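For reference, the chains in residue letters:
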Amino acid sequence: MGYGTNLTTIPCLLGPESLLISDSLNHLSIVNGARSSTAQIRVFKHDDPSNLEEVLREAIINGQPRYHRPWKKIVVMVEGIYSMEGGICKLPEIVKICKKYKAYIYVDEAHSIGALGKSGRGICEYRGVNPKDIDILMGTFTKSFSGMGGYIAASNEMIDYIRSHSAGILYHNSLSPIVAQQILTAFRVIRGDDGTNIGKNKLNNLVNNSNYFRSEMIRIGLHVYGDFDNPIVPVLIYAPCKIAAFSRECLKRGVAVVVVGFPATSVILSRARFCISAGHTKEDLDKAISVIDEVATLVCLKYNKSILG
């Protein structure tokens, strides 16, 4: 899975004289991978290229703690789609800054590969960034590819190094042939190599479904995080006391929802996290929207229409 990929890859890439600069809202797998490494860690404001540049500049000027020696390696880590925020990374600006200061860039594509871009190639295709400008692309096979495990895409030299140093490879089992074939088949379908339009249609359906659902959440008066064109739609609940009520009332009406609170979010930013699928029909979405509208009125979540919800 993607969690294990980050958790075992990051420590093998970063040593005691390295600096890891992480987005403040990166996934827990990146956070724990960073903590498992011996690198120094800095954080920049969420998806804020100007603050990233400030942090990078300060780190380069001051150097390593105590003796102020130059860093041997600086790596900036971001996500393609932020899994709790539904926001799409400002990748072109971040790549430009990394090039300017000669820092490596590591992009977690767990939620964007197979979901963003005209042909499903992820954040680079969607933002118009050359993949060659990204030093490490990480992703998971558990979402768009319906398999298991994760992957790292990088130069031959870096892949050879990871293969010989990552605990996830040295001490873990390889993917089974069945799962590997499932992933390869999913690739073929998404790319259209199977001679059908199934992949293209699913990508179009995913974007249309996601944008429709997001628009409807905004229309009914909910506070919605993130950007259009991606399948993650976080709806703010805010008050922790409303988390269980929203979930249970939706379930009573036949709609199961994922609710998230502390410590996955801050205490006052509890939310419902909707993940839209290409398999959802218009009828499915309309049923869910109708139920959410009713329950949001019941538990007072329509903060766009009233400060009392």
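Above this text is the structure in question.
Here the structure is a predicted model, which is why all the values come from computation and not from measurement. (Residues numbered from 1 in each chain as written. Predicted model: local features only at pLDDT ≥ 70, side-chain atom pairs only at ≥ 80, totals over all residues. Heavy atoms only, no water.)

**What to know about helix 9 (residues 198-219)**
Given a rise of 1.5 Å per residue, 22 residues ought to cover 32 Å, and the 31 Å separating the end C-alpha atoms of helix 9 matches this to within 8%. Directly after helix 9, the chain includes G221, whose backbone phi takes a positive value near 100°. (Helix = DSSP H or I, 4+ residues; strand = E, 2+ residues; numbered from the N terminus. Expected span 1.5 Å × (residues − 1).)

**Thoughts on unusual backbone geometry**
For the bond from F262 to P263, the omega torsion is 10°, close enough to zero to count as cis. Along the chain, P263 falls in the loop between strand 8 (259-260) and strand 9 (270-275). Although it is not a glycine, D47 adopts a positive phi angle of roughly 50°. Relative to the helices and strands, D47 is located in the loop between strand 2 (40-44) and helix 3 (49-62). For D47, a relative accessible area of 10% translates into the label buried. Of note in this structure, R66 is not a glycine but carries a positive phi near 75°. (Buried < 20%, exposed > 50% of the residue type's maximum accessible area, 1.4 Å probe, protein only.)

**Examining the nonpolar core**
Judged by nonpolar contacts, the single largest core of 31 residues is most densely connected at I21, L56, V76, V78, L91 and I134. Residue contacts for V78: discarding those within four places in its chain leaves N26, F44, C89, L91, I94, Y106, V107 and D108. (Core = buried A, V, L, I, M, F, W, Y, C linked by side-chain atoms within 4.5 Å. Contact = heavy atoms within 4.5 Å.)

**Observations regarding the sheet that holds strand 5 (residues 136-140)**
What the six strands build is an open sheet, ordered 2-1-3-4-5-6; its pairing is mixed. Each having just a single partner strand, strand 2 and strand 6 (150-153) make up the two edges of the open sheet. With direction set aside, neighbouring strand axes in the sheet form an average angle of 20°. Judged from the four bridges that link them, strand 5 and strand 6 form a sheet pairing that is antiparallel. Within strand 6, the position partnered with G139 by the bridge is Y151. Its contacts with the sheet put helix 3 on strand 1 (18-23), strand 2 and strand 3 (73-79), and the angle it makes with strand 2 is roughly 150°. (Pairing = 2+ DSSP bridges. Axes fitted to C-alpha atoms, helices over the stretch in contact; angles between N-to-C directions.)

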